Amino acid sequence: MSGDVLVVGAGPAGMAVALPLADAGASVVLLDGGGLEREPATDDLIEGSIVGGSMESLFGSFTSLTNLNASGLGGTSHHWAGIIQPLHPHDLAPQPYHDVSGWPLTWAELQPWHDPASRFLHHGTDSWDADEFVSRSGLTPPPDLGPRLTEQLVLNRYYGLAGEYRATIVGHPNLTLVHHANVASLACNAAGSQVTSAEVRTTAGTSFSASAPQVVLACGGIGNPRLLLASTDTHPAGIGNDADLVGRYFADHPKVQGWMLASTEARSRWEAVDGRVSKHQTVDRGDGEDVVRGAALHLRFADATLAERGWPNAQADCSFTGDLAALRPEFRRPMDLMAAQGQQMASLGIMTVTTEQPLDPDSRVTLGGATDAVGRARPVVDWRVPASHTETVREMVALLGAELGAQGKGRALDAADRLIFDLDLFNLEHPEPAISLGPEIQPGTPIRWRTSYHQMCTTRMATDPAEGVVDADCKVHGMDNLWVAGTSVMSTGAGFVPTLTGVALALRLAAHLDSLP
Amino acid sequence: MSPRRSPIGRREFVFGSLAALGGAAVPACGCQGAAPPTPPTTTKRPRPTTTTRRPTTTTRPTTTTIVPPTPPSPGVRTIGEQYLAAHPGTTAAQLEATLPAGVNRVSGADAQLGQAAQAIADDFAENRTDRLDGWWFSLTEVRICALGVLRAG
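Residues numbered from 1 in each chain as written. Chains lettered and ligands numbered in written order. Predicted model: local features only at pLDDT ≥ 70, side-chain atom pairs only at ≥ 80, totals over all residues.

S.K.: Would you explain the overall build of chain B in this entry?
M.R.: In terms of helices and strands, chain B carries seven helices and two strands. Counting from the amino terminus, chain B carries its helices and strands in the arrangement α-α-α-α-α-α-β-β-α. Taking all 153 residues of chain B together, the buried fraction comes to 38%. Within chain B, contacts between residues separated by at least 24 positions form 76% of all contacts whose residues are at least 6 apart in sequence. (Helix = DSSP H or I, 4+ residues; strand = E, 2+ residues; numbered from the N terminus. Buried ≥ 20, exposed ≤ 12 C-beta atoms within 10 Å, placed from the backbone. Contact = placed C-beta atoms within 7 Å.)

S.K.: What exactly am I supposed to notice about the overall build of chain A here?
M.R.: A count of helices and strands for chain A gives 13 helices and 22 strands. The buried share of chain A, reckoned over its 517 residues, is 54%. Considering only contacts within chain A whose residues lie at least 6 apart along the sequence, 73% involve residues at least 24 apart.

S.K.: Help me out: how do you make sense of the packing of helix H11 (residues 329-340) of chain A against helix H3 (residues 74-86) of chain B in this one?
M.R.: Each pair of packed helices gets described by two things: the angle between the helix axes and the distance between those axes. As a packed pair, H11(A) and H3(B) sit with axes 7 Å apart at the nearest point and diverge in direction by 110°. Put simply, H11(A) runs roughly perpendicular to H3(B). Of H3(B), the residues touching H11(A) (which contributes A:Arg332, A:Arg333, A:Pro334, A:Met335, A:Asp336, A:Leu337 and A:Ala340) are B:Pro74, B:Gly75, B:Val76, B:Thr78 and B:Ile79. Of the residues contributing to the contact of H11(A) with H3(B), the split by class is seven nonpolar, two polar and three charged. (Axes fitted to C-alpha atoms, helices over the stretch in contact; angles between N-to-C directions. Parallel < 35°, antiparallel > 145°, perpendicular 65-115°, else oblique. Nonpolar A, V, L, I, M, F, W, Y, C, P; charged D, E, K, R; others polar.)

S.K.: Help me out: how do you make sense of the sheet that holds strand E18 (residues 377-382) of chain A in this one?
M.R.: Within a sheet, neighbouring strands are paired by backbone hydrogen bonds and run either parallel or antiparallel to one another. Residue and element names in this part refer to chain A. The strand order across the open sheet built from three strands is E3-E18-E17, with neighbouring strands paired in mixed fashion. Sheet topology places strand E3 (49-50) and strand E17 (364-371) at the edges, where each strand pairs with a single neighbour. In this sheet, E18 lies alongside E3 in parallel orientation, the contact comprising two bridges. Each bridged residue has a counterpart across the sheet, and for serine 49 the counterpart in E18 is valine 380. The strands touched by helix H8 (residues 220-230) within the sheet are E17 and E18, with E17 carrying the most contacts at an inclination of about 65°. (Pairing = 2+ DSSP bridges.)

S.K.: Would you take a moment to explain the sheet that holds strand E9 (residues 182-188) of chain A for this structure?
M.R.: Residues and elements named next belong to chain A. Pairing within the open sheet is antiparallel, and its three strands lie in the order E9-E10-E11. Edge positions in the sheet fall to E9 and strand E11 (207-210), since each of these pairs with one other strand and no more. Averaged over neighbouring strand pairs, the angle between their axes works out to 25° when direction is ignored. Bridge count between strand E10 (residues 195-201) and E11: four bridges; the pairing is antiparallel. Within E11, the residue paired with arginine 201 across the bridge is serine 207.

S.K.: Help me out: how do you make sense of the interface of chain B and chain A in this one?
M.R.: It is common to give the size of an interface as the accessible area lost on bringing the parts into contact. Contacts between chain B and chain A engage 26 residues on the former and 24 residues on the latter. Residues of the side of chain B that touches chain A, tallied by class, amount to 13 nonpolar, eight polar and five charged.

S.K.: Teacher, can you tell me more about helix H12 (residues 388-406) of chain A here?
M.R.: An α-helical turn contains 3.6 residues, so a residue and the one three or four places further along point in the same direction. All names here are of chain A. Spanning 19 residues, H12 covers 27 Å between terminal C-alpha atoms, matching the ideal 27 Å at 1.5 Å per step. For H12, the buried fraction is high: 14 of the 19 residues fall into the buried class. Phi turns positive, to about 65°, at glycine 408, one or two residues after H12. (Expected span 1.5 Å × (residues − 1).)

S.K.: Sorry if this is basic, but what is going on with the nonpolar core here?
M.R.: The nonpolar side chains of a soluble globular protein tend to be buried, and buried together. In terms of nonpolar packing, the biggest core is built from 104 residues, with A:Val8, A:Val17, A:Val216, A:Ala485 and A:Ala506 touching the most fellow members. Considering every element that reaches this core, the biggest residue donor is helix H13 (residues 499-515) of chain A, with nine residues. Other than its neighbours up to four places away in sequence, A:Val8 contacts A:Leu31, A:Val183, A:Ala198, A:Val216, A:Leu217, A:Ala218, A:Cys219 and A:Leu227. Counting residues in hydrophobic clusters, the runner-up holds 54 residues, among them A:Leu149, A:Val256, A:Leu404 and B:Ala116. (Core = buried A, V, L, I, M, F, W, Y, C linked by C-beta atoms within 7 Å.)

S.K.: What's the story with unusual backbone geometry in this structure? I'm lost.
M.R.: With the exception of glycine, the majority of residues adopt a negative phi angle, and the majority of peptide bonds are in the trans configuration. Residue and element names in this part refer to chain A. Notably, tyrosine 249 is not glycine yet its phi reads approximately 65°, a positive angle. Tracing the backbone shows tyrosine 249 in the loop between H8 and strand E13 (255-263). Assessed through the 31 C-beta atoms surrounding it within 10 Å, tyrosine 249 is described here as buried. The phi dihedral of cysteine 474 is positive, around 75°, even though this residue is not glycine. Mapped onto the fold, cysteine 474 is located in the loop between strand E21 (436-437) and strand E22 (482-484).

Have a look at this one:
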């Protein structure tokens, strides 16, 4: 089996590479280990283990990598909440909190791909300007947030990406989708500079090879390093791993929760556009297009604040409870304090702070001893967040609280690991009176980080092969025809939800491949 | 944001007027063991008005006319207690010395919080904050709470 381009993985990034190339006339072979729908049996093929046994999320702990990954057409989009937001120019610059940082791309090279990526993800284009969005949507003008905070517009549309593209992919004359095709390894020429074929295995026990002049890996932040590390025929440590970087710098967006008491004004501002996916709230963008199903405004530190403090990115997403009368004394005390100041608090809100984690080379994906049904080594994920991040995030919550206080809009509580409640985070219309606080956590106590289910940077992009696996064109260093698509090439975890960035980089890669002679 | 000026209640007014008399009133009522806070020298003392007759040698206040400041509300009291627990040995005089200008020295803590709104906002803007039981507060507001606790006894 052969074509002009071989794409391994039919998730968002794989589709974003394969479809434009096929549309441009290239013969594309798209391989995926799953089926046209998500299947439990094929999910097991992407299963692995987590160092420490489990990962924490806002919804509890889990032990299966299928909480991060999914098999089949659509890949990780099966977990995607439909949220997109672009990076900022600030994100591409070198940052002091990373061991290695700075993207080899300029803003002018990345930014033009945001709108095509937004269209590919069926969100349409948008200005991404929070104030303009608010104005256009007829929402309440923003209160003065003070100089240290700004707002980030986040759009979401809950839908199935696979369903949107299934018919197009299956029926495309230039695209051959081979499902239930598990790539076990890549074979190279004698010099080790070109991938000559991919060894494909099926659970039925058959195998075949696929080849193309150009090969693109689009298996996700865990699957991409897994395949590179498993391809040892001519590269004993794995393809692209001469600098021992494949799988390292595994990055997520660690979350922590705080609480805030918010004034009526503040609540109405944020709640007006709080289109959390589960509420299916529609915000009319004002242009007549029924595309954006929801939008939210997140609190975000201004770039100047981040630079001044040497902080990574962070955003706070606020959800509010309704009945303050039902709160326990530990929450009512600040209400008395603020009532004395003439500030009537309307809401207690959950403030979920999502952060960019400092890159850590020991946070990584490796291959374990266990094998899957087609004989491939299963991946092992060791997610680590540097200890310094704990105090940084506590300082962030303090600053959020300070800004609320300075504006007379509320007070913040550093509640990481202290919350005791039985509350459906996505159904806050009926708050439970059982919310309470456990013993105070002293400064310096490590935070139990919650995952955002993201997987980034494991084949990070860097000009210097000593700092990254792929170059600015997403080509694996030292290889002539091997490329990587998706969030694993992100140089840093940067902003919030990486889907738009991963697809933008994949579309950019497709255009680059199309331009090759 | 301009400072919020809370009206001073009659009870506080009576107490304030008497306190302003300082040594003239305290010995007369036999309260030497409970020395009143020493106001900063830069603070203008409240002046009695025509509704309060200045004591003379023949008009001595009685203990029944001395009304303490309104006790702090429950939440304010607890926050004050938490501050004092975190800063053992803190005295009322130390706390009074930190009261911002424009705050009536003898008002109750809740009233003082209302009078200190601008100073509290300034605290937050300039990162003069304190963390008590996880909540981030302005230094001014938690000190006022603590002063209210000490004065309420």
